[in-house]
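# Survey of secondary and tertiary structure
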Amino acid sequence: MLAVQKVSRTFDNGYKAFKPVSFHTEQSEIVGILGTSGCGKSTLLRAIAGLDLGFDGEISFQEQSVRIGTDHTGVVFQEPD
Ligand SMILES: Nc1ncnc2c1ncn2[C@@H]1O[C@H](COP(=O)(O)OP(=O)(O)O)[C@@H](O)[C@H]1O
Ligand SMILES: [Mg+2]
């Protein structure tokens with residue numbers, strides 16, 4: 001369903017938000033990402049949602065790369081701005 005393969009994110013200032021992470025989910029699974037503040041949860045979720053394409057690695061949803069685009073993603077942001 002969702003496949004995250006060796007995904008990492010290095011920002012323009014050289015900061016590496018997290019080491020490469022891989023996992024996949026099956027249909028109807030409910031998945032949470034847990035971690036301390038600043039560990040990269042929102043950064044990873046933005047990449048999965050296709051809102052930040054500056055990551056390394058590959059993310060696909062239903063076999064389609066998020067770099068190409070998917071219309072199956074909804075996002076509720078933590079803060080309104
Ligand atoms: N655009 C950016 N440029 C540089 N560093 C960033 C940027 N966005 C987030 N960070 C840093 O990346 C780390 C992960 O941030 P974030 O994904 O928001 O963490 P979380 O959601 O787990 O609290 C933090 O140290 C944050 O300061
Ligand atoms: Mg966050």
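The present account deals with the structure reproduced in this document. Values in this document were obtained by computation on a predicted structure and should not be read as measured data.

Tracing the sequence through the fold places Asp52 in the loop between helix H1 (41–48) and strand E3 (56–61). Accessibility expressed as a relative area gives 13% for Asp52, which makes it buried. A distance of 2.9 Å separates the side chain of Asp52 from the side chain of Arg9, its partner in a polar contact. Once you skip the residues sitting within four places of it in the chain, Asp52 turns out to touch Arg9, Arg46 and Ala47.

Taking a probe equal in size to a water molecule and rolling it over the atoms shows the remaining empty space. Considering only enclosed or pocket space, the largest pocket measures out at about 900 Å³ in volume. At the level of secondary structure, the elements contributing two or more residues to the lining of the largest pocket comprise strand E2 (16–25) and H1. The element that contributes the greatest number of residues to the lining of the largest pocket is H1, accounting for six residues. When its residues are assigned to classes, the lining of the largest pocket shows 15 nonpolar, twelve polar and six charged.

Turning next to the pairing of E2. Bridge analysis of strand E1 (residues 2–10) against E2 gives six bridges, and the strand direction is antiparallel. The residue bridging Arg9 from the neighbouring strand is Phe18, located in E2. Hairpin connection between E1 and E2: a loop of five residues separates the two successive antiparallel strands, and Gly14 in this loop has a positive phi of roughly 90 degrees.

Rules of the game
Residues numbered from 1 in each chain as written. Chains lettered and ligands numbered in written order. Predicted model: local features only at pLDDT ≥ 70, side-chain atom pairs only at ≥ 80, totals over all residues. Heavy atoms only, no water. Helix = DSSP H or I, 4+ residues; strand = E, 2+ residues; numbered from the N terminus. Buried < 20%, exposed > 50% of the residue type's maximum accessible area, 1.4 Å probe, protein only. Polar contact = N/O pair within 3.5 Å; in protein donor to acceptor, adjacent residues only side chain to side chain. Contact = heavy atoms within 4.5 Å. 1 Å grid on protein atoms, 1.4 Å probe; cavity = no way out; pocket = protein on both sides within 12 Å on 5 of 7 lines; lining within 4 Å. Points joined across faces, edges and corners; volume = space filled by probe spheres on them. Nonpolar A, V, L, I, M, F, W, Y, C, P; charged D, E, K, R; others polar. Pairing = 2+ DSSP bridges.

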